[in-house]
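Structure at a glance
The residues making up each chain are set out below.
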Amino acid sequence: MRRTTGEEQRTIERFRPRYGGALGRAERAVERAAIGGNVGANGYTTVAQADSLVRLLGLRRGVRLLDVGCGRGYPGVYLARASGCSLVGSDLPLASLGSALARARASRPLARRAEFVAASAIHLPFRPASFDAVVHTDLLC
Amino acid sequence: MLRACRKLLKPGGRLACATIYIDPSASDRDYRRAARVRGPGSATRRAMTELLEGAGFVGVRERDVTTAFLRTARAYVDTSAQFRDELLAAWGDELFADRLRDRTATLELIETGVLRRGIFAARRP
């Protein structure tokens, strides 16, 4: 198993507070006002923009999608639920992956076609040419 | 990272990324200010289109979503103030102050035309 680099550890620490426990009433209200729904968002991708990603990426049943830096599962889980595609989400903070997994498991059909991997965006542990679509939102390039 | 994404895609596979970036015409002072607020990853002078093509993608298109970005940033700041007491209780003083400072600075940078946001789409040849 590859050891976490110093840069990756700094990223984990930077984002750790954003992926705390369950969201309260106020946090959900803020997210609804800013994003347009309660979807596990932290950044600036609105629900309307996520809907446009379904079309841009040609997502549908049978398509395999990778969400790099999936955070608490947005937009990956939302996209998989909306389109029927299968999903692999990757991120570094384990707390965020736990939240993403819980969101995917909340929908039984999606739980069978969603998986999550702890990995940095630089070192993605997947076989070449193994995805039909890749998405990342508000991630540092 | 973009090169790694291209390798993972099947030929003809599609990439979409929603990205905050510093307006290429920003002054050096604004550029440094934005880089401090948004972190080093947004501090590139190279356009996203150029980065995607450099990573081997083709058919690169951008949809500018800066207007929605401004609306979202303003909603974050306004509702954070509206729910201040509950958020302070949930996050604690330090995290609340950090988040509000970050969101307020981001809003100011959008309002002054320094930060933009685009949704980029491209495919692997």
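Everything numeric here is computed off the predicted structure, so don't read it as measured data.

For the rest of this paragraph, the subject is the overall build of chain B. A count of helical and extended segments in chain B gives six helices and three strands. What you see in chain B, going N to C, is helices and strands ordered as α-β-α-α-β-α-α-α-β. Reported as C-alpha extents along the three principal axes, the dimensions of chain B are approximately 50 × 35 × 25 Å. Here chain B, with 125 residues, has 38% of them falling under the buried criterion. Of all intrachain contacts in chain B linking residues separated by at least 6 positions in sequence, the fraction that spans at least 24 positions is 78%.

Turning our eyes to something else, we now look at the packing of helix H4 (residues 66–82) of chain B against helix H6 (residues 93–111) of chain B. Residues and elements named next belong to chain B. Contact geometry for H4 and H6: axes closest at 9 Å, N-to-C directions at 145°. Considering only the axes of H4 and H6, their crossing is left-handed. Contact residues: Thr-66, Phe-69, Leu-70, Ala-73, Arg-74, Tyr-76, Val-77 and Ser-80 in H4; Leu-100, Arg-103, Thr-104, Thr-106, Leu-107, Ile-110 and Glu-111 in H6. Tallied by class, the residues present in the contact of H4 with H6 amount to eight nonpolar, four polar and three charged.

Residues and elements named next belong to chain A. Counting buried positions along strand S1 (residues 64–68) gives four out of five residues, so the element sits mostly inside the fold. Crossover handedness for the path S1 to helix H4 (residues 76–83) to strand S2 (residues 86–91): right-handed. Here three bridges tie S1 to strand S4 (residues 131–137), and the two strands are oriented parallel to one another. Bridge assignment links Leu-66 to a residue of S4, and that residue is Val-134.

Before going further, it helps to examine the nonpolar core. Counting 70 residues, the largest nonpolar core has Leu-65, Leu-79, Val-134 and Val-135 of chain A together with Ala-16 of chain B as the members making the most contacts within it. Counting residues per element, this core draws most heavily on strand S1 (residues 9–22) of chain B, which supplies eight residues. In this structure, Leu-65 of chain A is in contact with Leu-57, Leu-59, Gly-76, Leu-79, Ala-80, Cys-85, Ser-86, Leu-87, Phe-131, Ala-133 and Val-135 of chain A, ignoring residues within four places of it in sequence.

Time to look at the confidence of the model for chain B. Per-residue pLDDT for chain B averages 90, and the proportion of residues at 70 or more is 94%. Of the two predicted TM-score estimates for the complex, the pTM is 0.86 and the ipTM is 0.89.

Let us look at unusual backbone geometry. All names here are of chain A. Along the chain, Tyr-74 connects to Pro-75 via a cis peptide bond; the corresponding omega equals 10°. One can find Pro-75 in the loop between S1 and H4. In this structure, Ala-129 takes a positive phi of about 55° despite not being glycine. By the secondary structure assignment, Ala-129 is in the loop between strand S3 (114–118) and S4.

What counts, and at which threshold
- Residues numbered from 1 in each chain as written.
- Chains lettered and ligands numbered in written order.
- Predicted model: local features only at pLDDT ≥ 70, side-chain atom pairs only at ≥ 80, totals over all residues.
- Helix = DSSP H or I, 4+ residues; strand = E, 2+ residues; numbered from the N terminus.
- Buried ≥ 20, exposed ≤ 12 C-beta atoms within 10 Å, placed from the backbone.
- Contact = placed C-beta atoms within 7 Å.
- Axes fitted to C-alpha atoms, helices over the stretch in contact; angles between N-to-C directions.
- Left-handed = near helix turned anticlockwise from the far one by under 90°.
- Nonpolar A, V, L, I, M, F, W, Y, C, P; charged D, E, K, R; others polar.
- Right-handed = clockwise from strand over helix to strand, strands pointing away.
- Pairing = 2+ DSSP bridges.
- Core = buried A, V, L, I, M, F, W, Y, C linked by C-beta atoms within 7 Å.
- pLDDT = per-residue confidence, 0-100.

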